[in-house]
Amino acid sequence: MDTTPTGPRAVSRRRLLAGTAGVAAAGALAGTFAAPLAAHAAGDGYGLRIVDRNENGGRLQYYRFATNEIEWDPGVNVLLPDGYHTSGKRYPVLYLLHGGNSDFRFFHREDIINLTAGRDIIIVMPDASTGWYSNPVNTNVGPRNWENFHLNQLLPWIEQNFRTFPDYDGRAVAGFSMGGFGALKYAAKYFGHFCSVSSHSGPASLRRNFGLVVHWANATSAALDLGGGTVYGVPLWDQARVTADNPMERLPSYRNKRIFLLAGDSPNPLDLFSAVNEGEVLAGQREFRAALQQAGIPFEAHEVAGGHVFRRDWFVRDLNGMLGRLRRAG
């Protein structure tokens, strides 16, 4: 569960805890305490003010920001390729999005550092709480504009502070679960930003099954991020917002992209959470795949054994495909 404290009274304690967690994660997972100092210190910009950081000469860099778009200070980990500090090269970037009830450290627990060793790509892993990669219809706990934070602030900040290719062929977006939905949403809504999109067990259809995913997004965001507010509105949805976010209603925006879809086809029926989640994911991805095929849009899709889990081996396979589509480091 994401236990990040929120609210003005929690700011000082939150920053202390965040700094401790960020340093511990960086040290434990990347050996950063033994690494030389970073060659370049990142600066503020695009509405982001750095309030905590762990920059070093290793791969894993940690930042936490104050921003008017989020009431608390969201974090991000930036995983650099081997040799970044001395190569002088520019690199493609993957924006890797976590699932609900989690935070920006999720992929470290999935061994992301070792999974990406030797790969010439920068990986950006930002906080998103359980905000469904959206600017909500309403919130009772201050700003939670995750979409604005990621696309209008963090993305240009990354390109200001790291050696990237700041163009369509230099960016990919991928995610797990809620993050898989976020990847599909961002790739379509901001179709000029990302040449590759990957959804690992992420829903691809908001309106099917009487809008079950919309109801789930509203319920989970209300409980875990918005203090009773909702992403899409209740009892009446903001229909324009649902349409704008729904991959099924944005099909033309997926043309000329690499598309990777993965879902489990055999969740444990005794694990109700996994069975319901992955069952809906699989049905929605099948619907999405059929629509892509009818529209003549190529994609890669896989149904594999198991339920609602992040599959490391399939992420590595996906990463190979991304690197084949993205610009090469140089």
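Definitions and limits used
Residue numbers restart at each chain and count upward from 1, following the sequence in its written direction. With the structure being a predicted model, the display of local features is reserved for residues of pLDDT at least 70 and the display and counting of side-chain atom pairs for 80 or more, all residues being used for whole-chain, interface and lining totals. Each side-chain value is worked out from all heavy atoms of the structure, with water and hydrogens disregarded. Put simply, a salt bridge is a Lys or Arg side-chain nitrogen that is within 4 Å of an Asp or Glu carboxyl oxygen. Put simply, DSSP marks the helices as runs of H or I at least four residues long and the strands as runs of E at least two long, and each gets a number from the N terminus on. For every residue, the accessible area (1.4 Å probe, protein chains only) is compared with the maximum for its type, and the residue is labelled buried under 20%, exposed over 50%, or partly exposed between those bounds. Strands are treated as partners if at least two bridges between them are detected by DSSP. Axes here refer to lines fitted to C-alpha atoms; in helices the fit is confined to the stretch in contact. Angles between the N-to-C directions go from 0 to 180 degrees. A helix's residues, less one, multiplied by 1.5 Å, set its expected span. Any two residues having at least one pair of non-hydrogen atoms within 4.5 Å are treated as being in contact. Only Phe, Tyr and Trp rings are paired, with Trp represented by its six-membered ring, and only when their centres lie within 6.5 Å; those with planes under 30 degrees apart are stacked, over 60 edge-to-face, the remainder tilted. One confidence number per residue, pLDDT, is output by the predictor and ranges from 0 to 100.

1. Regarding the pattern of salt bridges
Phase 1: Throughout the structure, instances matching the rule amount to 21 salt bridges.
Phase 2: E147 is the partner of K189 in a salt bridge, and the nearest nitrogen-oxygen pair spans 3.0 Å. Of this pair, K189 sits in helix α6 (residues 178-189) while E147 sits in helix α5 (residues 146-161); the two residues are 42 residues apart in sequence, bridging distant segments of the chain.
Phase 3: The exposure class assigned to K189 is partly exposed, which follows from its relative accessible area of 27%.
Phase 4: Exposure remark for E147: the relative accessible area of 4% places this residue in the buried category.
Phase 5: Linking R258 and D318 is a salt bridge whose minimum nitrogen-to-oxygen distance equals 2.7 Å. Taken together, the residues span a long stretch of sequence, with R258 in strand β8 (residues 258-264) and D318 in helix α10 (residues 312-325) at a distance of 60 residues.

2. Some points on the sheet that holds strand β4 (residues 93-97)
Phase 1: Spatial strand order, β1-β2-β3-β5-β4-β6-β7-β8-β9: nine strands in an open sheet with mixed pairing. Single-partner strands in this sheet number two, and they are β1 (49-54) and β9 (300-304). Pairs of neighbouring strands in the sheet enclose a mean axial angle of 15°, with direction left out of account.
Phase 2: Alignment of β1 against strand β2 (residues 60-66), held across five bridges, turns out to be antiparallel. Bridge assignment links D52 to a residue of β2, and that residue is R64.

3. Observations regarding helix α9 (residues 272-294)
Phase 1: Here α9 is 23 residues long and its end C-alpha atoms lie 33 Å apart, about the 33 Å a rise of 1.5 Å per residue gives.
Phase 2: What α9 keeps buried is the set S274, N277, E278, E280, V281, L282, G284, Q285, F288, R289, A291 and L292.
Phase 3: Of the residues trailing α9, G296 is marked for its positive phi of about 75°.

4. Side note on the environment of T230
Phase 1: Relative to the assigned elements, T230 resides in the loop between α7 (208-224) and α8 (239-245).
Phase 2: Between the C-alpha atom of T230 and that of T220, which follows or precedes it by 10 residues, the distance is 8.5 Å.
Phase 3: In this view, T230 contacts P136, V137, N138, N218, S221 and A222; residues no more than four positions away in its chain are not counted.

5. Some thoughts on the packing of aromatic side chains
Here the distance between the centres and the angle between the planes together describe a pair of aromatic rings.
Phase 1: The full count for this structure, using the stated rule, is 22 aromatic pairs.
Phase 2: Residues Y95 and F194 carry aromatic rings whose centres are separated by 6.1 Å and whose planes lie at 75° to one another, so their mutual orientation is edge-to-face. In this pair, Y95 is assigned in strand β4 and F194 in the loop between α6 and β7 (196-200), connecting sequence segments 99 residues apart. Take Y95 and F194: they sit in the same class, and that class is buried.
Phase 3: For the pair F107 and F310, a centre-to-centre distance of 5.4 Å together with 75° between the ring planes defines the contact as edge-to-face. Pair noted here: F107 is in helix α3 (residues 106-109) and F310 is in the loop between β9 and α10, with a separation of 203 residues, a long-range link. Assigned by exposure class, F107 and F310 land together as buried.

6. Looking at the confidence of the model for the chain
Phase 1: Within the chain, residue pLDDT values average 90, and 88% of them lie at 70 or more.
Phase 2: Note on residues 1-36: pLDDT is under 50 here. Beyond four places in sequence and across chains, it has 55 contacts.

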